[in-house]
Amino acid sequence: EVMITINGKIWTAPEGSTILEAARINNIEIPTLCFLKEINEIGACRMCVVEVKGARSLVTACVYPISEGIEITTNSKKVFDSRKTTLELILSTHERKCLSCIRSGNCELQKLCKEFNVADEDYFNGENCEYEFDDSAVHMVRNNNKCILCRRCVAACSKWQAVGVIGPNNRGFKTHIGSAYEQNLSEVPCISCGQCIVVCPTGAIHEKDQTQEVWDALEDPRKHVIVQTAPSIRVTLGEAFHLPVGTNVEGKMVAALRRIGFNKVFDTNVAADFTIMEEANEFLERVSNNGPFPMFTSCSPGWVKYCESYHPELIPNLSTCKSPQQMFGALAKTWYAEKEGIEPKDIFVVGIMPCTAKKFEVTREDEAAAGYSDCDVALTTRELARMIDKAGIRFVDLEDETFDNPLGEATGAGYIFGATGGVMEAALRTAAETLAGHSLEQVEFTEVRGMSGIKEATYEMSGATVNVAVASGIGNAKKLLKRIESGEKAYHFVEIMGCPGGCINGGGQPVQPASVRNFVDLKTKRAAALYSEDKDKGLRKSNESPIVQKIYQEFLEKPGSLKAHHILHTSYRD
Ligand code: HC1
């Protein structure tokens, strides 16, 4: 710890901290725009300037280290004037259509302009670059007229995801973020993960809003509109309504969806249980047939797209299981349609997903078990929050309700899908029991839990040694693939999730400003809520689920049957 002075008061802070961190520890907020911990520590925007006694000019708090006896001023006129000028300069090239902006009320630039009394908008009008929207991709829109060139999206794409399909183009006044040679996003191998969106401070990039398609379906008397909710969104949706990070709002979420008017409110977690049945069976088949190993999970569409675009040689290793979202749609339009006597063409399936790549996933080929797309629309958590607001629902005051049946009751295994390592643990629970041929006490495989980017473990299962690995975030996946390709490591089963931390940190989740992101461990708090739900469940293995057993008995026959393959599995293209 070192002694420091901030605004005339003495504090202590850990050695090696930056001024920004030291101030925050002592409950002093310093505004930032470009700073994103670990991936964008570039000190470029100069919003975080502070005075340091003895320094010749203002310093940037996000990168300036503290030292014993340092005297810092964060709230002088000099500091305020500098920050205000920075904001004025940013606004001078910013498209100020704030009233209708998707980020209005949740825009980091807007918040700072309010705090620093940047009021006289007309004063800043001058020459400007006009950029066309890039709405070529199925999942997102880029509007560079609202971009403040903070480069947080570029850092997310290149550092977390190691995909690097965006960067600064041109120079000086004409600098703008885009892809090489000014290609549209649909022309480059973007994996649709949306990690760029959740770190954008303004409305420059956002998901493609598909809420109107859902409102239209709800209005259509011919449509039986079913909604299914991904494992992780129940522990993040509350953030859009200012509840603490990690609050489980499953009951309120179900109540809100019912009030919006869906005919049935079902749970993707039930389909996650089916994924485990099929994936565990596929894994055991590979054990009997000696491979190909490792088998990779296939539920994360960002990862699947990465594999197809960058590592087509690994396609034989990808599990052929559809994702739970798609398995759900497939079962809704086959088994459920038959049971309820509804034509598959009249069933409209909406997924509420923490993920922008799910919008891409619903458009994939070979995902139409009943002859129609398994799912019709995938909305992000953010789009659902907007629908709830538009419908005039006072979310926080809702009484809890429970999912509809028959596709509303999942095991704990389905819940943990939403966190990195969860799919692996869920699969191990069922695979171990299947290999043993009887019920096992062991339910928890804690070695694959937690937020490390790469995890590995070895398990002995009824005489078989099973080496597993888990990676989340494509940057980590890339490292793991290198180890596998070089022969340094040999695994039997590998879980890869496209986003760091898994779906709880997906690109469709509520946007938290950098002032929260940089200091709160969003991933761990959100994941903890899922593991706690799993712990409280009476049934924690997918193979124990009564609805799973019933649908296999009366419809799918058994895991891996021809019929199960037709309905629940898919193929890939390179
Ligand atoms: Fe996921 Fe999945 S866990 S991919 O992270 O396998 O999106 O939450 O819905 O499909 O179940 C996402 C989450 C989600 C699928 C499941």
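Let me sum up the structure you'll find in this document.

The rules we used
- Residues numbered from 1 in each chain as written.
- Predicted model: local features only at pLDDT ≥ 70, side-chain atom pairs only at ≥ 80, totals over all residues.
- Heavy atoms only, no water.
- Helix = DSSP H or I, 4+ residues; strand = E, 2+ residues; numbered from the N terminus.
- Rg over C-alpha atoms; globule rule 2.2 N^0.38 Å.
- Buried < 20%, exposed > 50% of the residue type's maximum accessible area, 1.4 Å probe, protein only.
- Contact = heavy atoms within 4.5 Å.
- Lys, Arg positive; Asp, Glu negative; His and termini not counted.
- Charge placed at Lys NZ, Arg CZ, Asp CG, Glu CD.
- Pairing = 2+ DSSP bridges.
- Polar contact = N/O pair within 3.5 Å; in protein donor to acceptor, adjacent residues only side chain to side chain.
- Core = buried A, V, L, I, M, F, W, Y, C linked by side-chain atoms within 4.5 Å.
- Near = heavy atom within 4 Å.
- Nonpolar A, V, L, I, M, F, W, Y, C, P; charged D, E, K, R; others polar.
- Phe/Tyr/Trp six-rings, centres within 6.5 Å; stacked < 30°, edge-to-face > 60°.
- Lys NZ or Arg CZ within 6 Å of the ring centre and 35° of its normal.

1. Points about the overall build of the protein
Then step 1. Within the protein, the regular secondary structure consists of 19 helices and 17 strands.
Then step 2. Over its C-alpha atoms the protein spans a radius of gyration of 25 Å, differing by no more than 12% from the 25 Å that the globule rule assigns to 574 residues.
Then step 3. Seen through its C-alpha atoms, the protein measures out along the principal axes to roughly 75 × 55 × 50 Å.
Then step 4. In the protein, which comprises 574 residues, the share counted as buried stands at 59%.
Then step 5. A sequence separation of at least 24 residues applies to 74% of the contacts in the protein between residues at least 6 apart.
Then step 6. For the protein, the distance from the average position of its 63 positive side-chain charges to the average position of its 76 negative side-chain charges is 5 Å.

2. As for the sheet that holds strand S5 (residues 71–73)
Backbone hydrogen bonds hold the strands of a sheet together, and the pairing may be parallel or antiparallel.
Then step 1. One open sheet accounts for five strands, arranged S2-S1-S5-S3-S4; its pairing is mixed. Both edges of this open sheet fall to strand S2 (9–13) and strand S4 (59–60), since each of them pairs with a single strand only.
Then step 2. Across two bridges, strand S3 (residues 49–52) lies against S5 in antiparallel orientation. Counted as the bridge partner of Glu-51 is Thr-73 from S5.

3. Describing the environment of Asp-267
Then step 1. As for its position among the elements, Asp-267 is in strand S11 (residues 264–267).
Then step 2. Along the sequence, Asp-267 and Ala-490 sit 223 residues apart, while their C-alpha atoms lie 35 Å from each other.
Then step 3. Among residues more than four places away in sequence, those in contact with Asp-267 are Thr-229, Arg-234, Phe-328, Phe-403, Leu-407, Gly-408 and Tyr-415.
Then step 4. A polar contact of 2.7 Å, which involves the side chain of Asp-267, links it to the side chain of Arg-234.

4. Quick notes on the nonpolar core
The tendency in soluble globular proteins is for nonpolar side chains to be buried as a group.
Then step 1. Membership of the largest hydrophobic core comes to 67 residues, with the highest contact counts inside it found for Leu-237, Phe-262, Phe-274, Val-350, Ile-388, Ile-551 and Leu-556.
Then step 2. Considering each element in turn, this core owes the most residues, eight residues, to helix H10 (residues 324–340).
Then step 3. Those residues in contact with Phe-262 that lie beyond four places of it in its chain are Val-214, Leu-218, Val-225, Ile-226, Val-227, Leu-257 and Val-350.

5. Concerning the site of the ligand
Then step 1. Among the 15 residues in the neighbourhood of the ligand, the closest are listed as Ala-230, Ser-232, Gln-325, Lys-358 and Cys-503.
Then step 2. Separating an oxygen atom of the ligand from a side-chain N or O atom of Ser-323 is a distance of 3.4 Å.
Then step 3. Where the shell around the ligand is concerned, the elements lending two or more residues are helix H8 (268–289) and H10.
Then step 4. For the shell around the ligand, a count of residues per class yields ten nonpolar, four polar and one charged.

6. Observations regarding the packing of aromatic side chains
Then step 1. Across all of its chains, the model carries eleven aromatic pairs by this definition.
Then step 2. Here the aromatic rings of Phe-80 and Phe-116 are separated by 6.0 Å at their centres, their planes lie at 75 degrees, and the arrangement is edge-to-face. Here the residue Phe-80 occupies a position in helix H2 (residues 77–92), and Phe-116 occupies one in the loop between helix H3 (108–115) and strand S6 (140–142), the gap between them amounting to 36 residues.
Then step 3. With a centroid separation of 6.1 Å and 55 degrees between ring planes, the pair formed by Phe-266 and Phe-328 is classed as tilted. Pair noted here: Phe-266 is in strand S11 and Phe-328 is in helix H10, with a separation of 62 residues, a long-range link.
Then step 4. Residue classification places Phe-266 among the buried residues on the basis of a relative accessible area of 0%.
Then step 5. Relative accessible area serves as the criterion here: at 2%, Phe-328 is assigned to the buried category.
Then step 6. Connected via pairs of aromatic rings, a cluster forms that spans Phe-296, Trp-303, Tyr-306 and Tyr-310.
Then step 7. Above the ring of Trp-11, the side-chain terminus of Lys-9 is found at 4.7 Å from the ring centroid.

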